[in-house]
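Chain by chain, the residues run as shown.
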Amino acid sequence: MPFREINAKMVEAQVLPGQRLFSQRGAMLAYRGEVSFTPNVGGGQGGVMSMIGRRVAGEATPLMTVEGHGTVLFGHGGHHVQVVNLSGDTLCVEADRLLAFDGSLQQGTLFLGAQGGVMGMVRGQVTGQGLFTTTLKGHGAVAVMAHGGVIELPITPGRSVHVDPQAYVAHYGEVRNKLSTALGWRDMVGRGSGEAFQLELSGQGAVFVQASEEKL
């Protein structure tokens, strides 16, 4: 169920009989054809556990199930929209950045602290980013939102990428994440990004970075 980019802030999705997609509530701008929009109380394909993961993270973003036969225009809040096409990879993205995605993708929840240890937990406490990140795996398309445009930075073995946690949007591939700081524990208090923290991503894949540090 591909997405077609209309402009930097809108995408069009084809809805076909027997298939479905999920979208953030309030993301539908217009549609053509016989298309239905139903609130999803089960947290999407990931079911209750996927929903619980988002609620624990404070990321209980409501989802709508979209079905029928037609086309739908999606956008939200004037945010920049980036389409990511997955070919068996796993995309990690904060739930509130999801605009719409293929219903065939397998949903899950990643606890970032599991890879980053204590420093990964600090990311959630100090920077305002969630400890839990939504994962989408399989073959299909995902439309994510960001502020001020998005750039995709490749991550290759031996060449890790350091990202301001507030500028992080999503990443995919066989990637490990670790949060580090250039400051001491006393200096970290009250500082949420930039000089205080760096999210280090290593392995094989790519990371999407937004132009603005504003959180959705």
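Residues numbered from 1 in each chain as written. Predicted model: local features only at pLDDT ≥ 70, side-chain atom pairs only at ≥ 80, totals over all residues. Heavy atoms only, no water.

Chemist: Got a minute to help me understand the pattern of salt bridges in this structure?
Modeler: Where charged atoms from two side chains of opposite charge approach closely, those side chains can pair. In this structure the tally under the stated criterion is three salt bridges. A salt bridge links R32 to E12; the shortest N-O distance between them is 2.9 Å. Here R32 is found in strand β4 (residues 28-40), whereas its partner E12 is found in strand β2 (residues 10-15), with 20 residues between them in sequence. Using a relative accessible area of 8% as the deciding quantity, one classes E12 as buried. (Salt bridge = Lys/Arg side-chain N within 4 Å of Asp/Glu carboxyl O. Helix = DSSP H or I, 4+ residues; strand = E, 2+ residues; numbered from the N terminus. Buried < 20%, exposed > 50% of the residue type's maximum accessible area, 1.4 Å probe, protein only.)

Chemist: Help me out: how do you make sense of the packing of aromatic side chains in this one?
Modeler: Given two aromatic rings, one states the distance between the centres and the angle between the planes to describe the pair. Counted according to the given criterion, the structure contains three aromatic pairs. Considering the side-chain rings of Y172 and F208, the 6.0 Å spacing of their centres and the 40 degrees angle between planes classify their relative orientation as tilted. Of this pair, Y172 sits in strand β12 (residues 168-181) while F208 sits in strand β13 (residues 197-210), placing them 36 residues apart in sequence. Residue classification places Y172 among the buried residues on the basis of a relative accessible area of 19%. (Phe/Tyr/Trp six-rings, centres within 6.5 Å; stacked < 30°, edge-to-face > 60°.)

Chemist: Is there a simple way to explain the environment of S87 in this structure?
Modeler: With respect to the helices and strands, S87 occurs in strand β6 (residues 80-93). Note on S87: relative accessible area 57%, which makes it exposed. Expressed as a C-alpha distance, the spacing of S87 and K137, which sit 50 residues apart in the sequence, is 8.6 Å. The contact partners of S87, leaving out residues within four places of it in the chain, are G138 and H139. (Contact = heavy atoms within 4.5 Å.)

Chemist: Would you take a moment to explain the pairing of strand β1 (residues 3-7) for this structure?
Modeler: For a regular strand, the rule is simple: side chains alternate between the two faces of the sheet. Inspection of the sheet shows β1 paired to β2 by four bridges, in the antiparallel sense. Each bridged residue has a counterpart across the sheet, and for E5 the counterpart in β2 is V11. Joining the antiparallel neighbours β1 and β2 is a turn of two residues. (Pairing = 2+ DSSP bridges.)

Chemist: Would you take a moment to explain the nonpolar core for this structure?
Modeler: Across soluble globular proteins, nonpolar side chains have a tendency to be buried as a group. Membership of the largest hydrophobic core comes to 18 residues, with the highest contact counts inside it found for L91, L98, F101, V142, V144 and F208. If you list the elements that add at least two residues to this core, you get β6, β7 (98-102), β9 (132-146), β12 and β13. In this structure F101 touches F3, L21, F22, L63, Q107, L136, A141 and V142, once residues within four positions along its chain are discounted. Membership of the second largest hydrophobic core comes to 17 residues, among which are L21, V72, A100 and A143. (Core = buried A, V, L, I, M, F, W, Y, C linked by side-chain atoms within 4.5 Å.)

Chemist: Looking at this structure, how should I read the confidence of the model for the protein?
Modeler: Regions with low pLDDT carry predicted coordinates that are not meant to be interpreted in detail. Within the protein, residue pLDDT values average 79, and 69% of them lie at 70 or more. The model gives residues 113-130 a pLDDT under 50, and that stretch makes 48 contacts with residues more than four places away or in other chains. (pLDDT = per-residue confidence, 0-100.)

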